[in-house]
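Chain by chain, the residues run as shown.
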Amino acid sequence: MVNGKWSHDLLFTIYHLPRRLILETQRQYEVVFIVDPTADDDEVTRLTDNLKQIVTDQGGTITKSESMGKRKLAYEILHKTEGSFVLLEVEGSGKEIAELERRMRVNDRIIRYITVRVDEDRQRAEKFKAKRVRKAAKRPGGGGQPEQRRSGVVPEFVPDEADEDAA
């Protein structure tokens, strides 16, 4: 911003970045979709396999696939009160997710879906976990893992070589 106005060069740079450069970073996503309850387990499996194939054809990878079974919905969707829930964890750029969402949108058997990018949340959680471990190590008498102290499990005592020589 120059004198309260956007610089033409800056705007040109932002709007004319090649889209493929923006989408080349690998990210992690969780996709949950709800399948119509009238579909049997074989149809849910077939549908899940088709969606996995779409992701792999686009260059992404499936890191986790979990069928959570039939569950009651929190509210009625399309006059249905239950549905089969499926979770996919996808690693890739945004183009796989765009194609996956497009296919889910036109599929009549999928009554609802949601996609969440989780890579930043997981990085933040790892950072806080490492910070907690560092703080626990600095605390007097707290050299161990915080999980060990809370659970009451005492690690096995291993004598040092100096202690063995003194005995």
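Keep in mind the model is a prediction, meaning the values are calculated, not measured.

Participant: Explain the nonpolar core to me, please; I cannot follow it from the model alone.
Facilitator: Of all hydrophobic cores here, the largest spans 17 residues; its most connected members are Val31, Phe33, Leu51 and Met104. Secondary-structure elements contributing two or more residues to this core are β1 (27–35), α3 (41–57), β3 (80–92) and α4 (94–106). Looking at this core element by element, the count peaks at five residues for α3. Sequence-distant contacts of Leu51, defined by excluding residues within four places in its chain, comprise Phe33, Leu88, Leu100, Met104 and Ile110. Counting five residues, the second-largest nonpolar core is a separate cluster that includes Ile34, Leu73, Ile77 and Phe85.

Participant: So what exactly am I meant to see when it comes to the side chain of Glu99 here?
Facilitator: Along the chain, Glu99 turns up in helix α4. A residue is classified by how much of its surface remains accessible, and Glu99, at 16% relative accessible area, is buried. Polar side-chain contacts of Glu99 include one of 3.0 Å to the side chain of Arg102. For Glu99, the side chain forms a polar contact with the side chain of Arg103, separated by 2.9 Å. Once residues lying within four places of it in the same chain are set aside, the contact partners of Glu99 are Ile54 and Gln58.

Participant: Looking at this structure, I do not really get the pattern of salt bridges. What am I missing?
Facilitator: In a structure, side chains of opposite charge can pair up when their charged atoms sit close to one another. Per the stated rule, a full pass over the model turns up eight salt bridges. Among the ionic pairs, Asp119 bridges to Arg27, the shortest N-O distance being 3.8 Å. One end of the pair, Asp119, is in helix α5 (residues 119–138); the other, Arg27, is in strand β1, and 92 residues separate them in sequence. Residues participating in the shared-partner salt-bridge network are Arg27, Arg117, Asp119 and Glu120.

Participant: When you look at a positive patch on the surface in this model, what are you seeing that I'm missing?
Facilitator: Among the surface-exposed residues, Lys127, Lys131, Arg134, Lys135, Lys138 and Arg139 lie close enough to one another that they form a single positively charged patch. Looking at the element boundaries, Lys135 is found in helix α5.

Participant: Help me understand the confidence of the model for the chain, please; the structure alone is not making it clear to me.
Facilitator: Where the model shows low pLDDT, its predicted coordinates should not be examined in detail. Residues of the chain with pLDDT of at least 70 account for 69%, and the chain-wide mean is 80. Low confidence marks residues 10–14, where pLDDT is under 50. Its contacts with residues over four positions away, or in another chain, come to one contact.

Participant: Please explain the sheet that holds β1 as it appears in this structure.
Facilitator: Within a sheet, each strand pairs with its neighbour through backbone hydrogen bonds, oriented either parallel or antiparallel. The four strands are arranged β2-β3-β1-β4 in an open sheet whose pairing can be described as antiparallel. Each edge of the open sheet is held by one strand with a lone partner, namely β2 (61–77) and β4 (110–117). Taking each pair of neighbouring strands and ignoring which way they run, the sheet shows an average axis angle of 20 degrees. As paired strands, β2 and β3 are joined by eleven bridges and run antiparallel to one another. Directly across from Ile77, in β3, lies its bridge partner Lys80. Contacts between α3 and the sheet are confined to β1, β2, β3 and β4, with β3 contributing the most and set at about 25 degrees to the helix.

Participant: Quick question: what am I supposed to make of the environment of Val86 here?
Facilitator: Within the secondary structure layout, Val86 lies in strand β3. Residue classification places Val86 among the buried positions, given a relative accessible area of 1%.

Participant: What should I look at first to understand α4 in this one?
Facilitator: For the α-helix, the turn length of 3.6 residues means that residues three or four positions removed from each other point alike. Here α4 spans 19 Å end to end across 13 residues, near enough to the 18 Å set by a 1.5 Å rise per residue. Turning to α4, its buried residues number three or more, namely Glu96, Ile97, Glu99, Leu100 and Met104. Relative to the axis of α4, the buried residues are bounded by an arc of 165 degrees and lie together on one face. Projecting away from the buried face of α4 at angles above 90 degrees are the exposed residues Arg105 and Val106.

Parameters at a glance
- What you see as residue numbers is a count from 1 along each chain, following the sequence as written.
- Note on the predicted model: pLDDT of at least 70 is required for a residue's local features to be given, and 80 or more for side-chain atom pairs to be given and counted; whole-chain, interface and lining totals, by contrast, use all residues.
- Side-chain calculation: all heavy atoms of the structure are included, whereas hydrogens and water are not.
- To form a nonpolar core, buried Ala, Val, Leu, Ile, Met, Phe, Trp, Tyr and Cys residues must be joined to one another through side-chain atoms within 4.5 Å.
- Categorising residues by exposure relies on relative accessible area from a 1.4 Å probe, with only protein chains included: less than 20% of the type maximum marks a residue as buried, more than 50% marks it as exposed, and the intermediate range marks it as partly exposed.
- A run of DSSP states H or I qualifies as a helix once it reaches four residues; a run of E qualifies as a strand once it reaches two. Both are numbered from the N-terminal end.
- Whether two residues are in contact is decided by their heavy atoms: any pair within 4.5 Å suffices.
- Polar contacts here mean pairs of N or O atoms no more than 3.5 Å apart (in protein, one a potential hydrogen donor and the other a potential acceptor; neighbouring residues in sequence count only if both atoms are side-chain atoms).
- The rule for a salt bridge is simple: a side-chain nitrogen of Lys or Arg has to be within 4 Å of a carboxyl oxygen of Asp or Glu.
- Here the term patch refers to residues with relative accessible area over 30% and no salt bridge, with like charges joined within 9 Å and nonpolar side chains (Val, Leu, Ile, Met, Phe, Trp, Tyr) within 5 Å.
- To be clear on the numbers: accessible area is Shrake-Rupley with a 1.4 Å probe, and residue cover counts the displayed protein chains and nothing else.
- Here Asp and Glu are counted as negative and Lys and Arg as positive; His is not counted, and neither are the chain ends.
- The atoms used to mark charge sites are NZ of Lys, CZ of Arg, CG of Asp and CD of Glu.
- Residue-level confidence of the predictor is what pLDDT reports, using numbers from 0 through 100.
- Here the rule is simple: two strands pair whenever DSSP picks up at least two bridges between them.
- Between N-to-C directions, angles cover 0 to 180 degrees, with each direction set by a line fitted to C-alpha atoms, over the stretch in contact for helices.
- Given the number of residues in a helix, its expected span is that number minus one, multiplied by 1.5 Å.
- Directions pointing from the helix axis toward each C-beta atom define the arc.

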